[in-house]
Every structure is written in structure tokens, then in C-alpha cells.
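Geometric and topological summary
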Amino acid sequence: LAIAGPNHIEVAVFDFSQSGKWFLDALLTSVDLNDIRQPPVDGIKAKTFIQPSWACEAVAQHLKDAGWNLEARFVVVRAVDKQRVMDVVFQAQKVVKRADRGG
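Bear in mind the structure is a predicted one, so any value in this text is a computation, not a measurement. (Residues numbered from 1 in each chain as written. Predicted model: local features only at pLDDT ≥ 70, side-chain atom pairs only at ≥ 80, totals over all residues. Heavy atoms only, no water.)

When helices and strands are tallied, the chain shows four helices and four strands. Secondary structure of the chain in N-to-C order comes out as β-β-α-β-α-β-α-α. Taken over 103 residues, the chain has a buried fraction of 39%. Across the chain, contacts joining residues at least 24 apart in sequence account for 63% of those joining residues at least 6 apart. (Helix = DSSP H or I, 4+ residues; strand = E, 2+ residues; numbered from the N terminus. Buried < 20%, exposed > 50% of the residue type's maximum accessible area, 1.4 Å probe, protein only. Contact = heavy atoms within 4.5 Å.)

And the structure:
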């Protein structure tokens, strides 16, 4: 997904099937994501990892206007940071017991 204009930004939207505390903890507490993590954005339940905050707000508005229904299992991230977010999730998944992952 690319948002065109003078402040062009490419984002990735992930739909994770994972649920549970381990998944949220990984996204919300990992120090590896501190510099891109955003507080909840009005109108979407997805976790957002886009800096600066004005860019995050613009992306959220664009997604809402386009009719995206972003539930809590979704993650929205700048394309350049998508591997970092995936690495955090996969690392957390490795250290959590399978039964606690819901799988």
C-alpha cells in the first residue's frame, strides 16, 4: 500500500492470526520497536508502527477512508520497518510455549 503525494509513504498491513497476551506483549513492550511504536489511533484497532506521528495519522485516515476495517489482529507499519516487526513477533513466538500461543 502506498500513499501518494509530496510525503509519499509505503506501508505494509499484516493480518496476524495470532492472539493472546504473548502477541500483544511482543508488540507493545519490545524495546526494538520503541522508536516506531504509536499509541492507539482513533478509529482503528490495529497496532501502528509509523513515525512521525503525523504520518501515522495520515496513514490511519487514508485506511479508514478506503474502507479498511482494521481489527486488533492487524499491524500497520512502514514498509522499511516491516522486517523488524516480523522479527519481534517471530522471536516472541519462539520463547512462548505452543499451548500459550493458541496453536
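Right, let's get into unusual backbone geometry. Note that the residue after glutamine 51, namely proline 52, is joined by a cis bond; omega there is 0°. Tracing the backbone shows proline 52 in the loop between strand E3 (47–49) and helix H2 (53–65).

A few words now on the packing of aromatic side chains. Applying the stated criterion to the full structure yields three aromatic pairs. Centre to centre, the rings of phenylalanine 14 and phenylalanine 16 are 5.8 Å apart; their planes meet at 40°, and the pair counts as tilted. We classify phenylalanine 16 as buried; its relative accessible area is 6%. On the numbers, 5.9 Å between centres and 70° between planes, the contact of tryptophan 22 with phenylalanine 23 is edge-to-face. A relative accessible area of 9% places tryptophan 22 in the buried class. With a relative accessible area of 2%, phenylalanine 23 lands in the buried category. Three or more aromatic residues joined by ring pairs form one cluster here, namely Phe14, Phe16, Trp22 and Phe23. (Phe/Tyr/Trp six-rings, centres within 6.5 Å; stacked < 30°, edge-to-face > 60°.)

As a packed pair, helix H1 (residues 21–29) and helix H3 (residues 82–95) sit with axes 9 Å apart at the nearest point and diverge in direction by 140°. By the angle class used here, H1 and H3 are oblique. Considering only the axes of H1 and H3, their crossing is right-handed. Side by side, H1 and H3 meet where Trp22, Phe23, Ala26 and Leu27 of the first sit next to Val85, Val88, Val89, Ala92 and Gln93 of the second. Residues belonging to the contact of H1 with H3 are distributed by class as follows: eight nonpolar, one polar and no charged. (Axes fitted to C-alpha atoms, helices over the stretch in contact; angles between N-to-C directions. Parallel < 35°, antiparallel > 145°, perpendicular 65-115°, else oblique. Left-handed = near helix turned anticlockwise from the far one by under 90°. Nonpolar A, V, L, I, M, F, W, Y, C, P; charged D, E, K, R; others polar.)

Attention now goes to the pattern of salt bridges. Tallied over the full model, the rule gives five salt bridges. The partner of arginine 84 in a salt bridge is aspartate 81, with the nearest N and O atoms 3.2 Å apart. Bridged by salt links that share partners, the residues Asp35, Asp81 and Arg84 form one connected network. (Salt bridge = Lys/Arg side-chain N within 4 Å of Asp/Glu carboxyl O.)

Before going further, it helps to spend a moment on H2. An α-helical segment advances 3.6 residues per turn. Residues three or four places apart therefore align on the same side. Given a rise of 1.5 Å per residue, 13 residues ought to cover 18 Å, and the 18 Å separating the end C-alpha atoms of H2 matches this to within 8%. What H2 keeps buried is the set Ala55, Cys56, Val59, Ala60 and Leu63. The buried residues of H2 all sit within an arc of 135° when viewed along its axis, so they share a single face. When the buried face of H2 is taken as reference, the exposed residues oriented beyond 90 degrees from it are Glu57 and Asp65. Residue glycine 67 follows H2 closely and has a positive phi angle near 90°. (Expected span 1.5 Å × (residues − 1). Arc of directions from axis to C-beta.)

That's the geometry; what it means functionally is another story.
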